[in-house]
Every structure is written in C-alpha cells, then in structure tokens.
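# Architecture at a glance
The primary structure of each chain is shown beneath.
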Amino acid sequence: MRPLLLTAIMFFAAYVGAAANPLSRAQIKQIDDIAARTLVTQHISGMEIGVARNGNMLYAHGYGLRDRARRLPVTPQTVFPVGSITKQFTSTAVMQLVERGKIDLDAHVSRYLPAAPHGSEITVRELLNQTSGLPDYLENKPLLTAIMAGTDGPHQIQSLVALVNGKPLHFKPGSKYEYSNTNYALAGMLVSRVSGMPYREFLQREIFTPQHLTSTQYLSTTVPSGPDVARGYNYVKGRFVLIPRFSMDWGNAAGAIASIAGDLIRWDHAYFSGAIIPLPAVRIATTPPAHIAMVPSKSRSNNLGIGYAFGWVQARAEGRQMIWHNGGLPGARAMNATFPRDGLEVVVLTNVTTASPEETALKIARVIYDLPRR
C-alpha cells in the first residue's frame, strides 16, 4: 500500500498546496463576455458559472433567467439539476463502503445483489468503470420517449434495471468501455443494500451534510426544491418551451442530483484533497483501466475523453490534465471540470436541453490560463 499512498500524495500535492490567485478585472470581463455570447449563440435561458482554485471561489455569477414566466434571474445560489455528475457521488458512496470493508471492488455484483442482471459475471469495479457490457435501460424506447416528452411517471429503481433482464451483454465484462446508466443504477442499489439505508439518505448523511453541501439535493422531480431553482426549457423554433415537472425516478443514482456551482467546487476540493475518501482511494477512482480507451461517440464532449473511471473522465485539455464529468437531462446541461495540477475548478450549469457547457468551461479555462481565444 505504501507505494500507492506515495503516488497518490505526489499526484495531488499540487492540487492541495497551490494558492488561490485572484482573477483580474480583464479576466472577469472576458468570462462575462463568454457567458453573454453563449446565452445568445446556444439559445440558453439561464446559466451559472463558478471558477475556483483549491476550493477558494474566484468568481461565481449567474446569467439570464432561471424562470422565464416570472422573469427571475439566475444567481450564484440557483439550484440546477446536474444529471450524470451524480455518478461521481454514487461511486464515492461505494468507495466509502469499500473503505469500511463492506464492499469488495472485485467481487461479483451478485454477492450483494443476487437478482442483478448478469450479476455473477460482472464485478463492482466494472460497474463503476462502465466496462460491464450491460445494456442501458434508457435504450428502452417507450421510457426514453416519456422522459423526453416530460411525461414519465414514478418508478422503482428495480423496475428500471429489470428492463435489461434477459438481454445479452454487449461484450465480455472488463474488455471494453460503454456508457450505461444501468451500471450506476445498480451501484445505487448496492449502496442501499449494503448500508441498510435508502441511497438518498446515505448521500445526505455521509456526503452532503459532512461536506456542507447545503444546496445539493436528491431530486424527486425535475424541478429542485427551494426558493431559488432553475426551471428547464427546450428551445424550439425560435422560442423557449417550458418542460413540465415530472418524476426523476428514472435518473436515480445515475443522474438525480441537483446543486449549485459553489457546492460542486466544495465537492471537488474535498474529494481531491482526500477529505471524503483517502487519497489512495481517490487515485483508484480516477484512474481508468490502462487497456481500455473511451470510444468516440456523437456526444458533444467526445473529444474530451481519454479514459473513464468511477464517474470521472481523464482527459487532456489546453495542454493540461483535466478530470471531469458532464450531465444532461431534459432542460438541463452541466459540466464539472478540474485541473488537478494547479487546482483550477470550473463549473457551468445551464437550464436548456441543447446547451454545451463543456465548450463554455474550456473557454473559461483558456481565460484563466491566458491562452489565445479560439
């Protein structure tokens, strides 16, 4: 264990030790200009941006409208759904139980969830690395159609996972990468089964409350609870169309968290400084399998991936190591990016289905690093 510990400490030393550098007025103006242009070019109703170093907020600002009917502006405290950024929290919950000796990453899933599809063939590690080969329950056309139409109703998570029962694996477990929400739905079920408490309660007690993520919540519906929340929109034929409130059961441990930029920055700093799980565990959770590369897809973020590990994507961006994950659901797109060598953190939250927060986050990073505009 000692070499792994030393490697982890060396890997994250710069992240923990670097001092925060205040942004210049020129940099703040450039960020504001990027946001203003992005609202127009990407047809975004509202956007929240947070920029920090090592958990020290350098700039947080809201742009546009969180609720168009009531003309309510986005503030730095506006809560947005963050979609699949949830997967970082789910994998961390699993790793907390691993650290307590309650879960073995290399055990078959069936040890903990006997009824899991292909559970005797797939390990916990393969779930978290997205290398299980399990089909995605969101490939179910009636379910996906209902979600995109904003009409999907309540579900038990078991019923969603059951949608892939009887379907063959897409490949031999551990041999390839393929993104599947089923992996993280099962990981959430695993947390609940092993901890003896509902997944949402585990997150609240073990992560949200101890880390003072006071604005972060597990969603019951697509609209977060509270006085300062974002409503979601589609942009259709030149106008914003409100997405109705509907159940978020389909998102579960794969994508049902909402948050603010400030909380996600606190989360990033706590995570990478070893305050939530030990640094050796952080190293494991952010190191993709060496023999498996991410397969390019039609995603707008397909050029940002080198490898996937436990809800974190390793990449190179602007000549630097970047660790990130994005999230999306009807009426929300989000990006959480960290540059661990110097502790830069950039969070972009939006409330329109077609936004590209990944692009916006990279533009902001170029401002911070004083790189030429593209």
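Residues numbered from 1 in each chain as written. Predicted model: local features only at pLDDT ≥ 70, side-chain atom pairs only at ≥ 80, totals over all residues. Heavy atoms only, no water.

### Details of the nonpolar core
For clarity, the threshold we go by: Only buried residues count toward a nonpolar core, which is a set of Ala, Val, Leu, Ile, Met, Phe, Trp, Tyr and Cys residues joined through side-chain atoms within 4.5 Å. The buried label goes to any residue with under 20% of its type's maximum accessible area, the exposed label to any with over 50%, and the partly exposed label to all in between, with areas taken from a 1.4 Å probe on protein chains only. Throughout, a residue-residue contact means that at least one pair of heavy atoms, one from each residue, lies within 4.5 Å.
Counting 116 residues, the largest nonpolar core has I31, I49, F89, L203, W267, Y271 and I364 as the members making the most contacts within it. Sequence-distant contacts of W267, that is, excluding residues within four places in its chain, are made with Q88, F89, T92, I207, L213, I276, W312 and N336.

### Some remarks on the packing of aromatic side chains
Our working rule: When two rings of Phe, Tyr or Trp (its six-membered ring) have centres within 6.5 Å they constitute a pair, described as stacked for plane angles under 30 degrees, edge-to-face for angles over 60, and tilted for the intermediate range. For helices the rule is a DSSP run of H or I covering at least 4 residues; for strands it is a run of E covering at least 2, with both sets numbered from the N terminus onward.
Per the stated rule, a full pass over the model turns up 13 aromatic pairs. With a centroid separation of 5.6 Å and an interplanar angle of 35°, the aromatic rings of Y177 and Y308 are classed as tilted. Taken as a pair, Y177 in the loop between helix 6 (157-161) and helix 7 (181-195) and Y308 in strand 9 (residues 307-309) lie far apart in primary sequence, 131 residues in all. In this structure, Y177 and Y308 share a single accessibility class: buried. Aromatic pair Y179 and Y308: ring centres 6.0 Å apart, planes at 85°, arrangement edge-to-face. One end of the pair, Y179, is in the loop between helix 6 and helix 7; the other, Y308, is in strand 9, with 129 residues separating them in the sequence. Y179 sits in the partly exposed class, given a relative accessible area of 30%. Looking at Y308, the relative accessible area reads 3%, which means it is buried. Among the aromatic residues, ring-to-ring pairing joins F89, F208, W267, Y271, F272 and W312 into one connected group.

### Focus on the pairing of strand 13 (residues 344-350)
Going by this rule: We treat two strands as partners when DSSP finds at least two bridges between them.
A large share of strand 13 lies buried, amounting to seven of its seven residues. Bridge analysis of strand 1 (residues 46-53) against strand 13 gives seven bridges, and the strand direction is antiparallel. Bridging across to strand 13, G50 finds its partner in V347. Sheet topology places strand 12 (residues 332-339) next to strand 13; seven bridges connect them, and they run antiparallel. The residue of strand 13 that forms the bridge with T338 is E345. Between strand 12 and strand 13, which follow one another and run antiparallel, lie four residues, and G343 among them has a positive phi close to 80°.

Purely spatial values, then, with no claim about function.
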